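What follows is the residue order along each chain.
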Amino acid sequence: MKRLIYFCIMLLAFALTAEAQVRFGIQGDVTNVNVGGQVKDIYGLGIGGGIHFDVSLGPLGLRISGDYVYLTPDKGKYQALIATVLPGSIASQFTIEGGRIDVISGNVNLKLAILPLPIIHVYLTGGGGLVNMGVTEAKVSFNGTPVGSVPAMKSQTKPSVNAGAGVDISLGGLTLYGEVKIVWIMTEGETSTQVPLATVGLTF
């Protein structure tokens, strides 16, 4: 993560030296993370947000961003998973506490406008970065009585690549944007994927 931070700082320094336009912004994320194995079936949508810097480089744009999102187990999905091995009436009495997935990421993306209208710019985007993922301990209870736990997963920082598309909408001195992209995280064993179903940001 430190290397990515240093790289981003160098890019910003270069942009400022080259007198490129640099703008700051914030964004919100709604995402789904496939972490592999059976555990993927008990998580719903994750939410979060972050900050970004947009650098104008003529026909190309550069977005340097950092985000934090988290996902918690979905009670209904968890009980449905248990119901595959136990009767539904028993499965409904199981609950899970904890087991939160924390995802911290930093990315450097290129933006290429493919439909540069006066107010709306449709663009393709792609790039790479680093992602830190971890899972907190999950405690399982039956009818309110603790019956076991799933140990926390040690956080790991892995490289990632991403690709997607988005749209910028000019609002005078502000720019509203929305984009969808797929992120491939090179986790151990099986590559994880993060699919931001909706990313909406505001650049000042």
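Look up a bit, the structure's there.
Everything numeric in this text was worked out from a predicted model, so none of it was measured.

**Q** Got a minute to help me understand the sheet that holds strand 7 (residues 138-142) in this structure?
**A** The strands making up a sheet associate through hydrogen bonds between their backbones, and the pairing can be parallel or antiparallel. If you trace the three strands from one edge of the open sheet to the other, you get 4-7-8, paired in antiparallel fashion. If you trace the sheet from one side to the other, it starts and ends with strand 4 (94-98) and strand 8 (145-150), each paired once. The mean inter-strand angle of the sheet, taken between neighbouring strand axes irrespective of direction, is 25°. Of the strands in this sheet, strand 4 and strand 7 are in contact with helix 2 (residues 75-82), which crosses strand 4 at around 130°.

**Q** Which parts of the structure should I look at to understand unusual backbone geometry?
**A** Comment: phi is negative for the bulk of residues other than glycine, and the bulk of peptide bonds are trans. At N143, a residue that is not glycine, the phi angle is positive and equals roughly 55°. With respect to the secondary-structure elements, N143 resides in the loop between strand 7 and strand 8.

**Q** In this structure, what is going on with helix 2? I would like to understand it.
**A** Residues spaced three or four apart along an α-helix face the same direction, because each turn holds 3.6 residues. Taken residue by residue, helix 2 has Y78, Q79 and I82 as its buried positions. Down the axis of helix 2, the buried side of the element spans an arc of 95°, and every buried residue falls inside it. In the core, the buried residues of helix 2 are packed alongside helix 3 (88-91), strand 4 and strand 7. With a side-chain oxygen lying 3.0 Å from the backbone nitrogen of G76, the N-terminal cap of helix 2 falls on D74.

**Q** How do you make sense of the sheet that holds strand 2 (residues 46-57) when you look at a structure like this?
**A** One closed barrel holds the eight strands; their spatial order is 1-2-3-5-6-9-10-11, and the pairing between them is antiparallel. Recorded for the sheet is a direction-independent mean angle of 25° between the axes of neighbouring strands. Bridge analysis of strand 3 (residues 60-71) against strand 5 (residues 101-116) gives 12 bridges, and the strand direction is antiparallel. Bridge pairing links G66 to G106 in strand 5.

Criteria and cut-off values
- Residues numbered from 1 in each chain as written.
- Predicted model: local features only at pLDDT ≥ 70, side-chain atom pairs only at ≥ 80, totals over all residues.
- Heavy atoms only, no water.
- Pairing = 2+ DSSP bridges.
- Helix = DSSP H or I, 4+ residues; strand = E, 2+ residues; numbered from the N terminus.
- Axes fitted to C-alpha atoms, helices over the stretch in contact; angles between N-to-C directions.
- Contact = heavy atoms within 4.5 Å.
- Buried < 20%, exposed > 50% of the residue type's maximum accessible area, 1.4 Å probe, protein only.
- Arc of directions from axis to C-beta.
- Polar contact = N/O pair within 3.5 Å; in protein donor to acceptor, adjacent residues only side chain to side chain.

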